[in-house]
Amino acid sequence: MAFENPSREEIKTILEQVGNIAVVGLSDKSDRTSYMVSYAMQKRGYRIIPVNPAAAGQTILGETCYASLAEVPEPVELVNVFRRSEYCAEVAREAAAIGAKILWLQQGIISQEAADIAQEHGMTVIMDRCIKVEDSVTQAVRKG
């Protein structure tokens, strides 16, 4: 069966109810898309937890960065992924191992293997969508 993202209404509900968001591949460089998107989400009130082995132990956006999802010392509900498609299956396995409920692959990132792994573990999967754009759309709908 071909992959299909949740409806806009379902995505709106996810974003309204989500707890901690771990961002895999969050860069410490402010000119990178992962940083800009995470910064905007943080400013909207979302809790962002950086995950990037190259920056582990550093502080990004005022939060401690972890080398892997397994090292995050608190529950993570949504895993937002800024990694190339070929790395997403492993991220999906890690997300399942920590009990995440949502796997979100950013715009331009598609991995059927990651989606299959996540769905096998009961996770909701969103692919090839920007979380910041989706949040802006749901904000506009709420205000509209």
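Bear in mind the structure is a predicted one, so any value in this text is a computation, not a measurement. (Residues numbered from 1 in each chain as written. Predicted model: local features only at pLDDT ≥ 70, side-chain atom pairs only at ≥ 80, totals over all residues. Heavy atoms only, no water.)

Turning next to helix α4 (residues 112-120). Note that an α-helix has 3.6 residues per turn; residues three or four places apart therefore point the same way. When α4 is considered as a whole, its buried residues turn out to be A114, A115, I117 and A118. An end-on view of α4 places all buried positions within 165 degrees of arc, on one side of the element. Buried residues belonging to α4 abut α3 (88-97), β6 (102-105) and β7 (124-126). Looking one or two residues past α4, G122 carries a phi angle of roughly 80 degrees, positive in sign. (Buried < 20%, exposed > 50% of the residue type's maximum accessible area, 1.4 Å probe, protein only. Helix = DSSP H or I, 4+ residues; strand = E, 2+ residues; numbered from the N terminus. Arc of directions from axis to C-beta. Contact = heavy atoms within 4.5 Å.)

The strand order β2-β1-β5-β6-β7 describes an open sheet built from five strands, whose pairing is parallel. The strands lining the two open edges of the sheet, one partner per strand, are β2 (48-51) and β7. Each neighbouring strand pair of the sheet contributes to a mean axis angle of 20 degrees, computed without reference to strand direction. Pairing geometry for strand β1 (residues 21-24) and β2, over four bridges, is parallel. Bridge pairing links A22 to I49 in β2. (Pairing = 2+ DSSP bridges. Axes fitted to C-alpha atoms, helices over the stretch in contact; angles between N-to-C directions.)

If you look at the biggest cluster of nonpolar residues, it comprises 27 residues, and the most contacted ones within it are L69, V79 and L103. At the level of elements, β1, β2, β5 (78-81), α3, β6 and α4 are the ones that each hand at least two residues to this core. Counting residues per element, this core draws most heavily on α3, at six residues. When near neighbours in sequence (up to four residues on either side) are disregarded, L103 contacts V79, V81, V91, A92, A95, A114, A118, M123, T124, V125 and I126. (Core = buried A, V, L, I, M, F, W, Y, C linked by side-chain atoms within 4.5 Å.)

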